[in-house]
Amino acid sequence: MTAVQSLMRIGVAADHGGYDLKEQLAGMLRDGGCAVVDFGAWQLVEDDDYPDFVVPLARAVARRKVDRGLAICGSGVGACVAANKVPGARACLIHDIFSARQGVEDDDLNVMCLGGRVVGQALAWKLLEAFLAARFNGAARYRRRLGKISELERQQVSS
Ligand code: RB5
């Protein structure tokens, strides 16, 4: 974890399917000097629902209360679907280092979703490191594409 990364405020959220992995990764982030904001779940409850934790996290990312978000459910799919309903949140289910980095560089990914029943702790940490180390490229073509998504969000809010 570099000094810059350690300045980051990272929001984390998980349902029962991602609870253990969230706890592990949050601890590793704190050990690395990151400020971690935990949006729950705060205990393992086998019948809890990922939107209850992921949506507040995604809102915090969209409002820049935290710099990046990590959302985990069993597969990562539900967390991704829920987070992307929040305007300004750009979430993706990540399984590989290339996408963890390029998703930020090209698409300004700000919420990384993981499947707690899919990836182990060691791979999850490598994915998280790649996600946090990456920065949005800012190239005109990337801004143009993101602008079209922002416009879609504005239309949906006003419709
Ligand atoms: C487990 O309830 C599972 O459905 C949930 O954690 C998540 O994987 C949904 O996408």
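In this report, we go over the structure that sits alongside the text. Note that this is a predicted model, so its numbers are computed, not measured.

1. Quick notes on the pattern of salt bridges
Per the counting criterion, the structure on display carries seven salt bridges. Close ionic contact of Lys22 with Glu23 constitutes a salt bridge, the shortest N to O distance being 2.8 Å. Given the relative accessible area of 0%, Lys22 is considered buried. Close ionic contact of Glu105 with Arg101 constitutes a salt bridge, the shortest N to O distance being 3.9 Å. Here the residue Glu105 and the residue Arg101 both occupy positions in helix H5 (residues 97–107), the gap between them amounting to four residues, near one helical turn. Looking at Glu105, the relative accessible area reads 27%, which means it is partly exposed. Taking the relative accessible area as the measure of exposure, Arg101 reaches 36% and is therefore partly exposed.

2. Some details on unusual backbone geometry
Among all residues save glycine, negative phi is the norm, and among peptide bonds the norm is trans. For the bond running from Gly40 to Ala41, omega is 0°, close enough to zero to count as cis. Tracing the chain through its elements places Ala41 in the loop between strand E2 (35–38) and helix H3 (51–62). A positive phi angle is found at Arg64, which is not glycine, with a value near 60°. Note that Arg64 resides in the loop between H3 and strand E3 (68–73). Unusually for a residue other than glycine, Asp108 sits at a positive phi of about 55°. Checked against the element boundaries, Asp108 lands in the loop between H5 and strand E5 (111–115).

Calculation criteria
- Residues numbered from 1 in each chain as written.
- Predicted model: local features only at pLDDT ≥ 70, side-chain atom pairs only at ≥ 80, totals over all residues.
- Heavy atoms only, no water.
- Salt bridge = Lys/Arg side-chain N within 4 Å of Asp/Glu carboxyl O.
- Buried < 20%, exposed > 50% of the residue type's maximum accessible area, 1.4 Å probe, protein only.
- Helix = DSSP H or I, 4+ residues; strand = E, 2+ residues; numbered from the N terminus.

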